[in-house]
Structures are given as C-alpha cells and as structure tokens.
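Residue-level listing of the chains:
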Amino acid sequence: MLLLLLLFISCTRKEKSVRYSYDFDNLPDRVWAGEDFWTIPLEDWQINEGRLECTGNSSNMRTNLITYPIRPGNGTFALNVTCGLLDKGDQEGTVGFSIGVKDDEDPDVKAACYFGKGLNLGVRTNGVLFIEDQTVSFPADFSWEKFHIRVEGNFSLKGKAITLRLMNEQQEEVAWLVKESIDEIEGLIVLGVNHHVATPFSNGPSFWFDDLEISGTKISYEEGNRFGAILWAMYTNSRNVLKLTAQLAPVSARVNGEVHLEIEEGDGWKKLATEKLRADSYTATFRVGNWNPDLEVNYRISYSENLKDGETSDYKYTGTIRKEPVDKPLVFGGMTCQYGYGFPYTPVVNNLLKEEPDILYFSGDQIYEGNGGYSIIRFPADRAILNYLGKWYMFGWAFGDVMKERPTICTPDDHDVFQGNLWGDGGRKIELEDWQEYAGTSGGYIEPAEMINVVHATQSSHLPDPYDPTPIDQGISIWYTDMVYGKISFAIISDRIFKSGPKEVAFWEEGRRDWITEQGIDLSRLDKPGLKLIGDRQFEFLTHWMKDWKGANMKVLLSQTLFANIPTHHGSIDGILAGDMDSGGWPQTPRNKVVDLLRRCYAFHVSGDQHLPLFVQYGIDEFRDAGWAICTPAITVGYQRRFLPDRLGIPYQNRPVHNLDNTGEYIGGMGHKNYVYAVGNLPDNTRSELRYERAQLSSSGYSIITFDPESRDISCNAIRFLADADRLRPEDSFPGWPVTVNQFDNAGINRTGDKITIQSSGVLNPVLLVYDAKTEELLLSVRMKGDEFSGIVKGSGRYNLKIGDPETERWKTVSDIIANEIETSPVVVEF
Ligand SMILES: [Fe+2]
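This structure is a prediction, so every number in the text was calculated from the model and none was measured.

Take the coordination of the iron ion next. Bound to the iron ion are the protein donor atoms Cys337 (SG), Asp365 (OD), Tyr368 (OH) and His611 (NE2), situated 1.9 to 2.5 Å from the metal. Viewed at the metal, the four donor atoms of the iron ion are separated by angles of 88 to 171°, and the geometry they form is irregular. Between the donor residues of the iron ion, the gaps in sequence give the motif C-x27-D-x2-Y-x242-H. With Cys337 in strand β24 (residues 330–338) and Tyr368 in the loop between β25 (359–362) and α3 (381–403), the pair connects residues that are 31 residues apart, well separated along the chain. Here Cys337 falls in the buried class, since its relative accessible area comes to 0%.

Listed below in structure tokens is the structure:
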C-alpha cells in the first residue's frame, strides 16, 4: 500500500464511522504526495523524510485530500494533524485546514481543488487561533517547532458546531475555539498554508505536516477520485506503429523507473513493452511496431514504486486502442487554448465523450502561465519544469478520460513554453532581458532547453516518429511528422518553432513591435527575404508529404495558428489593431509559399490559437484562389479577439449567401485576400461572475470536423462551450456553422492557370502527380475520385504526369504534355 491506511468501520445504528490516517513514513522522497492528494502549486510540496512538506512561501498553498470529502447531513468528524514550521518567512502566515471545500459551479472534485471555497481555520503565526473571522490568542512563547491541530465537527438536529484545538508537542491544549450555528459543511478537506490571506504575497512562512488523521460519520470515501501515479496516457497509431506516452506524477523516478505496457488477451494481459521513465518529464514513451490497425483492444500501463520498507506501491491505468476507422467518415475533434478559469472544462469534456470523435487534436496552449492560480517560475530549469508540469497535469486531469480511448494529436504552442507569442527562430537561446527590451519580439526561446524538451516530451512524444529528429539549436527536440488515420493523411507541423521575430523588420519606434496600429503602412517593408514561417526543414518535409498518398484519400495540415491575419480587435472591444505579426499571415512570402503548397495537394488546414472561431478561404493572388481553413474555438478564451470590419467601415465584397455580418472578402492585416465565411464573434460585454458563463460569452467551445474519404466532404461545426452535444440547437453552433466544403474546393475556385483533364481506367481512385516538365517541380498532387479528374496547374506550360497506385506501386507516366493541347482533349491513361 502506498500510504498507511487504517480503516475501522464500526456500525452503530445507521451511522458508519470511518477513520483514515497517513504518516507518510514509508514513502520515498518525491514531489508527488500520493493518489489521495492533489497539491497546489506542484513545485511547493514534497514528501521528504516521511513528512509532507510545503516548502513554498506564497499565499494559499494547499493539499487537497481528494478521496475523503465531508458529506452532507448530520454526523461527526475529527481531523488531526501534526505540523511544524520549516521557515519563518518575513510575513505573518497561517497553517491549518479548509473544510467543506467545493466549487459552486461545478461539483467535480477537480473544480473544488482549484476553485473551491470552504471554511478556513487554523493557526496564525502572530499567535492567534482562527475559524474564519473568529479568533482567540495563545501565549507568545508557543513553540512552532512541532505542534498539533485538531478539528471536531458536530452536526445534529440540536445544532452545528466546529471546535478547533491547538496542542503543543506534548499534546497539551494551548488554545481552543468553538464556532456555532454554522452552515452545512460539505466538500473537500484541504491542508492549507497561508490560506487565510486576502492579498496574495510571496514571503510567508512554510510548514511541514505529518500524521494526518480523519475520522467520523460525516467522512465519505470516493475511490474514483484517486489520481496517479499514472495520471493519463496519449497515443497515436499510424502505418502499423503504435506510439503511447504514459504521463506519470513526479514519483521518485531516479530511484526506480520502469513502466510497462500490456494489452488484454483472453483472460489476462500480455506484455508489449517496458520503457524507462524519463526522470525530467516523468513520461514513458512506448513504440510498438507491426501494430494491427483492425485491432480494438484494452491496454494497461503499470508502474511500481519502491517503498522504504522494501515493498512496492503498484499503480495501473487502463484505456482502449481503437480500431482504425476505414469504412466511415473520420470524426475529428479540434480543440485549442484552455485558459484556466474554465477548468476542468466539464461541459466540453462531456460533449467530447458524447460526440465520440475518432481522433482528437489539441493544437496548442494546453496550458497558460496563470493556470491553477500561480504565476510562472522561469528559472532554474528543474523548478520551471515542475511549475510547467503542475499546469500540464490540469490538462490531463480534465481530458484524460477522453484521450485514453482514442488517438490524440497534441502540439505545443507559445504559452506551453511560457512565452506568450513565440518566434522560436530555430531554437535560438535568448536572454530574458533581450526579450523584454524588444517587447517580446526577438526570435528565440527564453526558457532553458531542458524545460522546452520536457514540454515536447509530455505533449508530443506519442506522435508518429518525427520526419527528421535532428534537434534544433540548443539540442531542443523536434516533433513535426505525418500521420495516416482513417484514410486521411495529416501533416503535423509547428508554425512557431522556426518563425522569425518581428524585431527583424519592425521599423516603428512606438508601441509593440509585433502590432501594426496604423492603417495603410507599407506592409511589403515587413516581408524581408529570408524570414521564416514554418522554416526550411518543415517545408522540405511538406514537399515530401504532399506527394505521399499511401493509405490516404485526403490531406489535412495541422498547425497552431491560421495562415491569415483576421481579427480587427485585440484584448478588448477598444483594442483596434490594423495587423498582428503573431499570426500565420506574417511573414507574407513564406506564408504564400505554404498556402500554395496546400492548394497543390488539395489540403485542408486546421488551426487554433486565435481564440476566435473562423472558417476562411485563403487567397494568394486573388480572393479564393487557395484552400479552406478552420480556426477552432478556444476551449476557454482568455485573451479576446474580434473580427468586426463592418463596425470599422472596412470594405468587403461577395458576402456569402447566409448574409451574416463581418463575412465576405476582406483584405487582412497582412495584406492577404481573406474570404471569411464564418466568424464566432464575442459580444462587447462578456463579463460574468460565473466561470462557465464567462467562457460561453467569450466564444469558447470546440469543433467537430468530419472528413469523408469517399465523398471527400469536409463538414465542420464550431460548437459553443455550454452546448449539449446530445441536443444541439442551431444557436449552439457559432453563426455560419455547420459548413461543408469538399476536398477539391481546396484548390481555390478562382485559381487560374493551365487546366489538366485526365481520364484513367484500371486503377480505382488513382493518385495523380503533375510535374513541371522544365523545373520538375510538383504542381499538383491528388487522389482522384473515380476515373476522371480536372485540375489547374501553373507552370511553364509543359507538364509530366505520373498516375497510379501507391499501394501496389503501379505507375504510368505521360511526358511533356503541352498545356493548350490538354485544354481541349483529356489525357487518357489505361492500366
Ligand atoms: Fe491561446
């Protein structure tokens, strides 16, 4: 057993009295407090020499006892804990309990841990015992080295009362206090340090805890609330390779760290692989070759931790590897950006469970710096890592049950590496001072490479093997790759890691260098040669990906942000902005290059990041001469953006037939010709006291995209935070959604060039590749639907065609087709 757990059940009439105790003596030294606890902030708590220590000095540090809440109704409870001062700090602080901790909005234990309120009681270091505002003083010569706090609750028809007692090391009562006529106490028991303060501080005292005892008839046991040591898992399977990463709590990984993966077979479990636990990220990544995609099977992850007495604590976690869907449309859940006030995002989680997507995509900002209620720690690396992990675990705690039984694509964005607005510049190191001097617009990473690598390991190590794993600058790992699933070929790339910083080109002195505040500036001055968006390495990868159709009928690019700069309003309704370089609209030349590549292979683009649901058709030279893209709603919007061109009098043309405001063809902030088909704008006022209502008002939600590999239709819905997926009403979708386009629309209806028409027979849905006969550049790449196809190419006028079946490698080539001849008569290819 992990913890010394004493369970005495004595039945007296109808009441059941239960007693639990934790002495922590047998636990190895580690950060994680155990499966019955959840400590916040993660980096400020640890198990050390048989005690639970709170080593931080900030306000409101807490250990939530998640498995033994106080239940409603009459009865009694008693809490005992031994504590002592670790560090006095410079400011008066407190130690004690919060009891009956719950969140009024969401009954989930996760919500209680982060947003719950309860009755605060305990000891102040200025010599006062307190239950909320009620206090009593005790002698000044009290020894803080070791003491005991006892809480007794008596709830009966005669009345409700809480008694608090302070005892010295010898168990002699020093002071006591009773609070009567209190309301019902129901919810979590929380150990609190500096938990009374109205104003947060960062120089208070710290304490240790030991011998925690909980007993009484008002205590219940919720085994399902346990969390850890295996917190959750994410997996992908593609091209007969299963990759799965187990995410563990910060156990004593340096002592022993082997994690096992098994699958269910017959009545038992068959071991598939064993991997070492990474001591920095607490992850173990499994790679299983020869995976049968038709197999639907339960998996089990197991981990054993050595205890001090030589025994082990054994932990298990189970999930399901789904059969890859090939005979039905692929249902894809698109998510982005989870600002902490919406945690644990229960409406979105429940809807995802109801929608049963085949695959999930979390495009970035799985954490924000402030999530969980504490700011970031940037240095040193080990502290920054724990600080990141505490926020990262919130993501897994919220979405683990959705992710454990379907493939998950997860890519880090800027906030994930503590750098709101990231221009990674290929991994270059940048000092915090330099970054600050140029208002956050110098290219590079502030955080230590060790921390960035932990972010990449936790978020993306379960993706299919990277296309080219060569690390970037500073030895930072890289994860861009492709995945074939359900006959869809996904390219998964970063549009941040290689991107140049605006400092390179921003020529104005005032204000932020990534923001264009004036209309009408010469945007071409921002488009210097050599600037990067996705970078050379990823562009080379995409040129390889675009012609590889093995197992796939359609292509989809997944990246973090949109390759257009759409919003007109930033931060608030007053924040009007002409352009923003923190969008995929800049730098313009590499943006045009990647959008051109996408239209050549009829690829759809799924992104996030903007916190503004958008459905857009890109333009390069003309409006609508390239492919379609969705920017999915943020799971919870923090920073607000709006697209209100009509209010600003920005001209437009060709509004879609739905005639919604702020839609149609507009010139975007970086000069691109954007066709905005649908936008999920926020109302001017999104204020609400209620967290989930605020999320709903702020255009939060998720998207469901259905890719039909037979009809080639792409159907998108952007759904609001508070919708019920079982009963979706029209108003639960953002205006303009649902919307359906077809794969072949991604060439752009206004594209001009040479028309290639082909008739083929003998191969079902062949792949057609069209090369420029002079430059050998690949101009068109498509999986045909049936025997006939027409497409537009722009090249020298002479083309080579390659047509065939990538599965059987049967190919035919037709060389040196002359454009004006094929306009009139189709090329005929017979196998
Ligand atoms: Fe975001």
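Back to the write-up after that little detour.
As a further point, take the layout of surface pockets. The computed volume of the largest pocket comes to approximately 900 Å³. If you trace the largest pocket, you find 42 residues lining it, with Asn60, Arg62, Tyr114, Phe115 and Lys117 closest to the centre. Taken together, the elements giving at least two residues each to the lining of the largest pocket come down to β6 (61–70), β8 (94–102), α1 (109–115), β9 (117–124), β15 (187–193) and α9 (691–697). Here the element with the most residues in the lining of the largest pocket is α1; it accounts for four residues. Taken together, the residues that form the lining of the largest pocket break down as 15 nonpolar, 18 polar and nine charged.

Another aspect to go through is the sheet that holds strand β20 (residues 268–276). Paired through backbone hydrogen bonds, the strands of a sheet run either parallel or antiparallel to each other. Here we have four strands laid out as an open sheet, ordered β20-β19-β22-β23, and antiparallel in their pairing. On the outer flanks of this sheet lie β20 and β23 (312–321), each paired with one strand and no other. Averaged over all neighbouring strand pairs, the angle between strand axes comes to 25°, with direction disregarded.

Looking now at the packing of helix α6 (residues 535–545) against helix α7 (residues 588–600). Running from amino to carboxyl end, α6 crosses α7 at an angle of 10°, the nearest separation of the two axes being 10 Å. Between α6 and α7, the interaxial angle falls into the category roughly parallel. Along its contact with α6, which presents Phe539, Leu542, Thr543 and Trp545, the element α7 presents Lys593, Val594, Leu597 and Leu598. Class assignment of the residues belonging to the contact of α6 with α7 gives a composition of six nonpolar, one polar and one charged.

The next thing to look at is helix α2 (residues 346–355). When α2 is considered as a whole, its buried residues turn out to be Thr346, Pro347, Val348, Val349, Asn351 and Leu352. Against the buried residues of α2 lie β24, α3, β36 (634–636), α9 and β40 (701–707). One or two positions beyond α2, positive phi appears at Glu356, with a value near 45°.

The terminal C-alpha atoms of α3 lie 28 Å apart, and with 23 residues this falls more than 12% below the ideal 33 Å at 1.5 Å per residue. When the local axis directions of α3 are compared, the greatest deviation, roughly 40°, occurs at Trp397. The element α3 is extensively covered by neighbouring structure, given that 20 of its 23 residues are classed as buried.

Our focus in this paragraph is the state of the cysteines. Here the structure, examined in full by the defined rule, presents zero disulfides. Unpaired in this structure, Cys410 has its nearest cysteine sulfur neighbour in Cys337, at a distance of 12 Å. Given the relative accessible area of 0%, Cys410 is considered buried.

We now examine the side chain of Arg712. Tracing the backbone shows Arg712 in the loop between β40 and β41 (713–720). No salt bridge is formed by the buried Arg712; its nearest oppositely charged neighbour, Glu710, is found at 6.1 Å. One polar contact links the side chain of Arg712 to the main-chain carbonyl oxygen of Pro709, over a distance of 3.0 Å. When residues no more than four places from it in sequence are discounted, the contact partners of Arg712 are Asn553, Met554, Val741, Asn742, Gln743, Phe744, Asn765, Arg783, Met784 and Lys785.

With that settled, the discussion passes to empty space enclosed by the protein. Tallied over the entire structure, the rule returns four cavities of 30 Å³ or more. Empty space within the largest cavity amounts to approximately 120 Å³. Taken together, 14 residues form the lining of the largest cavity, with Ile40, Pro41, Leu42, Gly390 and Lys391 sitting closest to its centre. When residues of the lining of the largest cavity are assigned to their parent elements, the largest contribution, four residues, is made by α3. When grouped by side-chain class, the residues that make up the lining of the largest cavity number seven nonpolar, five polar and two charged.

For any two helices packed against each other, the geometry is given by the interaxial angle and the distance between the axes. At a closest axis distance of 9 Å, the pairing of α3 and helix α5 (residues 449–460) adopts a crossing angle of 30°. It follows from the interaxial angle that α3 and α5 lie roughly parallel. As α3 packs across α5, the resulting crossing turns out to be right-handed. Only Glu450, Met451, Val454, Val455, Thr458 and Gln459 of α5 make contact with α3, whose side of the interface consists of Ala381, Ala384, Ile385, Tyr388, Leu389 and Trp392. Here the residues of the contact of α3 with α5 are counted per class, giving nine nonpolar, two polar and one charged.

Two elements, strand β22 (residues 297–306) and β23, share 10 bridges in a ladder whose sense is antiparallel. Paired with Ser304 across the strands is Asp314, a residue of β23. Connecting β22 to the antiparallel partner β23 that follows it, the hairpin turn spans five residues, and Gly310 within it adopts a positive phi of roughly 95°.

One open sheet holds the eight strands; their spatial order is β27-β28-β30-β33-β35-β34-β39-β38, and the pairing between them is mixed. Both outer strands of the open sheet, β27 (481–485) and β38 (664–667), are each paired with one neighbouring strand and no more. When strand polarity is set aside, the average angle formed by the axes of neighbouring strands in this sheet is 25°. The pairing of strand β28 (residues 488–492) with strand β30 (residues 554–558) spans five bridges and is classified as parallel. For Ile492, the partnering residue across the bridge sits in β30 and is Leu558. Sheet strands touched by α6: β27, β28 and β30. Its angle to β28, the strand with the most contacts, is close to 170°.

Quick look at unusual backbone geometry now. The omega torsion of the bond from Ile40 to Pro41 falls at -10°, within 30 degrees of zero and hence cis. As for its placement among the helices and strands, Pro41 is situated in the loop between β3 (37–40) and β4 (45–48). Despite not being glycine, Ser699 shows a phi value in the positive range, around 65°. Tracing the backbone shows Ser699 in the loop between α9 and β40.

Right, let's talk about the side chain of Asn765 for a bit. With respect to the helices, strands and loops of the structure, Asn765 is situated in the loop between β43 (754–761) and β44 (767–772). Side-chain polar atoms of Asn765 contact the backbone nitrogen of Gly786, separated by 2.8 Å. With residues up to four places along the chain from it excluded, the contact list for Asn765 reads Arg712, Arg783, Met784, Lys785 and Gly786.

If you trace the backbone, Asp726 turns up in the loop between β41 and β42 (739–742). It is 7.9 Å that separates the C-alpha atoms of Asp726 and Asn351, two residues lying 375 residues apart in sequence.

Conventions used here
Residues numbered from 1 in each chain as written. Predicted model: local features only at pLDDT ≥ 70, side-chain atom pairs only at ≥ 80, totals over all residues. Heavy atoms only, no water. Donors = N, O, S within 2.8 Å, 3.2 Å for Na, K, Ca; no water. Tetrahedral: all angles 85-135°; square planar, octahedral: opposite > 155°, others 65-115°. Helix = DSSP H or I, 4+ residues; strand = E, 2+ residues; numbered from the N terminus. Buried < 20%, exposed > 50% of the residue type's maximum accessible area, 1.4 Å probe, protein only. 1 Å grid on protein atoms, 1.4 Å probe; cavity = no way out; pocket = protein on both sides within 12 Å on 5 of 7 lines; lining within 4 Å. Points joined across faces, edges and corners; volume = space filled by probe spheres on them. Nonpolar A, V, L, I, M, F, W, Y, C, P; charged D, E, K, R; others polar. Pairing = 2+ DSSP bridges. Axes fitted to C-alpha atoms, helices over the stretch in contact; angles between N-to-C directions. Parallel < 35°, antiparallel > 145°, perpendicular 65-115°, else oblique. Contact = heavy atoms within 4.5 Å. Expected span 1.5 Å × (residues − 1). Bend = angle between axes of the 7 residues up to and from the residue. Disulfide = S-S within 2.5 Å. Lys, Arg positive; Asp, Glu negative; His and termini not counted. Salt bridge = Lys/Arg side-chain N within 4 Å of Asp/Glu carboxyl O. Polar contact = N/O pair within 3.5 Å; in protein donor to acceptor, adjacent residues only side chain to side chain. Left-handed = near helix turned anticlockwise from the far one by under 90°.

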